[in-house]
Amino acid sequence: MHRRQALRLLASAAALPVLSREAFSLFQALHNQLPAKPVLKTLNPHQNATVTTIAELIIPRTHTPGAKAARVNEFIDLIVAEWYDEEEKETFVTGLANVDSRARGLYGKNFVNCAQKQQGSILQAMDDEVAERAANPRRRRNHPPEKNFFFMIKQLTLVGYYTSQIGFEQELHAEIIPSRHAGCVPGEEEAAK
């Protein structure tokens, strides 16, 4: 699978189960390309902090690790740096600046410096805008969701998290090699007879 095909699939996929095994494996391989020590390729430190905060709000740490622990911000930086074309990069970087602009307009400070509830309200407003555009065929045609920053970062966060080792093992509970194989054994009802 070529990078452009994978990106088209990523942009068009509304949910993770739509990803083919090949695409899933490709995105898992990207996590293996991340260096042991974080190195930014496209994002500056402030942009990275904004991406990290947004990703952690989308997939927060609960009884399982969140997006930050899964290094989703580094995954996103790699995708933006190596896979996005100039138009997509511009949309993404402009979207990050817009998040700060909204935060300064509403709360007088950059997004990362806002309280979590304020950050959540900004993201909720952005999510509502994507949903409104998607529901209106005319607006969807002129402004497709996959060209929207919030749609992009939400999609990248989900794919980045669930294709990471943490997301794959902790959330999807997937075993690559089962701990045991029971072969052809009688079912519980038959064994009880």
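Residues numbered from 1 in each chain as written. Predicted model: local features only at pLDDT ≥ 70, side-chain atom pairs only at ≥ 80, totals over all residues. Heavy atoms only, no water.

**Student:** Is there a simple way to explain the overall build of the protein in this structure?
**Tutor:** On a plain count of helices and strands, the protein comes out with 10 helices and zero strands. What you see in the protein, going N to C, is helices and strands ordered as α-α-α-α-α-α-α-α-α-α. Burial statistics for the protein: of 193 residues in total, 36% are counted as buried. Contacts in the protein between residues far apart in sequence, at least 24 positions, make up 66% of those at least 6 positions apart. Looking at the protein as shown, the accessible area adds up to about 11600 Å², and 51% of this sits on carbon and sulfur atoms. (Helix = DSSP H or I, 4+ residues; strand = E, 2+ residues; numbered from the N terminus. Buried < 20%, exposed > 50% of the residue type's maximum accessible area, 1.4 Å probe, protein only. Contact = heavy atoms within 4.5 Å. Areas by Shrake-Rupley, 256 points an atom, 1.4 Å probe, with all protein chains shown as cover.)

**Student:** Just to check I follow, could you spell out the packing of aromatic side chains for this structure?
**Tutor:** Two numbers describe a pair of aromatic rings. These are the distance of the centres and the angle of the planes. For the structure on display, the rule yields three aromatic pairs. When the ring of Y84 is compared with that of F92, the centres are 6.4 Å apart and the planes differ by 75 degrees; the resulting orientation is edge-to-face. Centroid distance Y161 to Y162: 5.0 Å. Interplanar angle 90 degrees. Geometry classified as edge-to-face. Looking at Y161, the relative accessible area reads 0%, which means it is buried. An aromatic cluster is built from Y84, F92 and F149, whose rings are joined through pairwise contacts. (Phe/Tyr/Trp six-rings, centres within 6.5 Å; stacked < 30°, edge-to-face > 60°.)

**Student:** Looking at this structure, I do not really get the nonpolar core. What am I missing?
**Tutor:** Nonpolar side chains in soluble globular proteins generally cluster together in the buried interior. By size, the foremost hydrophobic cluster in this structure holds 36 residues, and its most contacted members are I76, F92, F149 and I153. Where this core is concerned, the elements lending two or more residues are α3 (45-58), α4 (72-82), α5 (86-107), α6 (116-135) and α8 (149-162). Here the element with the most residues in this core is α8; it accounts for nine residues. (Core = buried A, V, L, I, M, F, W, Y, C linked by side-chain atoms within 4.5 Å.)

**Student:** I would appreciate a short explanation of the pattern of salt bridges in the present structure.
**Tutor:** Pairing between side chains becomes possible if they bear opposite charge and their charged atoms approach one another. Applying the stated criterion across every chain yields a total of six salt bridges. Residue E86 pairs with K89 through a salt bridge whose shortest N-O separation is 3.9 Å. Note that E86 and K89 are positioned in helix α5 at a spacing of three residues, about one turn of the helix. For E129, the salt bridge identified is with R102, shortest N-O distance 2.8 Å. In this pair, E129 is assigned in helix α6 and R102 in helix α5, connecting sequence segments 27 residues apart. (Salt bridge = Lys/Arg side-chain N within 4 Å of Asp/Glu carboxyl O.)

**Student:** Would you mind going over the side chain of T157 with me for this structure?
**Tutor:** Looking at the secondary structure, you find T157 in helix α8. Among all residues touching T157, those that are not within four sequence positions of it are A55, I58, I59, A67, V72 and I76.

**Student:** Looking at this structure, how should I read the environment of F168?
**Tutor:** In this structure, F168 sits in helix α9 (residues 165-171). For F168 and A70, which are 98 residues apart along the polypeptide, the C-alpha to C-alpha distance reads 10.0 Å.

**Student:** What is the right way to read α8 from this model?
**Tutor:** Along an α-helix, a turn takes 3.6 residues, which lines up residues three or four apart on a common side. With 14 residues, α8 extends 20 Å from end C-alpha to end C-alpha; this agrees with the ideal 20 Å at 1.5 Å per step. Along α8, 12 of the 14 residues are buried, which leaves the element largely enclosed by surrounding structure. All of the buried residues along α8 are F149, F150, F151, M152, I153, Q155, L156, T157, V159, G160, Y161 and Y162. Where α8 starts, the residue carrying a side-chain oxygen 2.8 Å from the main-chain nitrogen of F150 turns out to be N148. (Expected span 1.5 Å × (residues − 1). Polar contact = N/O pair within 3.5 Å; in protein donor to acceptor, adjacent residues only side chain to side chain.)

**Student:** Could you clarify how one ought to interpret the packing of α3 against α4 in this entry?
**Tutor:** The interhelical angle for the contact between α3 and α4, taken along N-to-C directions, is 125 degrees, at an axis separation of 9 Å. Judged by the angle between their axes, α3 and α4 are oblique. Handedness of the crossing formed by α3 with α4: right-handed. Taking contact as the criterion, the partners of N48, V51, T52 and A55 in α3 are, on α4, V72, N73 and I76. The class makeup of the residues in the contact of α3 with α4 is four nonpolar, three polar and no charged. (Axes fitted to C-alpha atoms, helices over the stretch in contact; angles between N-to-C directions. Parallel < 35°, antiparallel > 145°, perpendicular 65-115°, else oblique. Left-handed = near helix turned anticlockwise from the far one by under 90°. Nonpolar A, V, L, I, M, F, W, Y, C, P; charged D, E, K, R; others polar.)

All quantities given are derived from atomic positions and should not be read as evidence of function.
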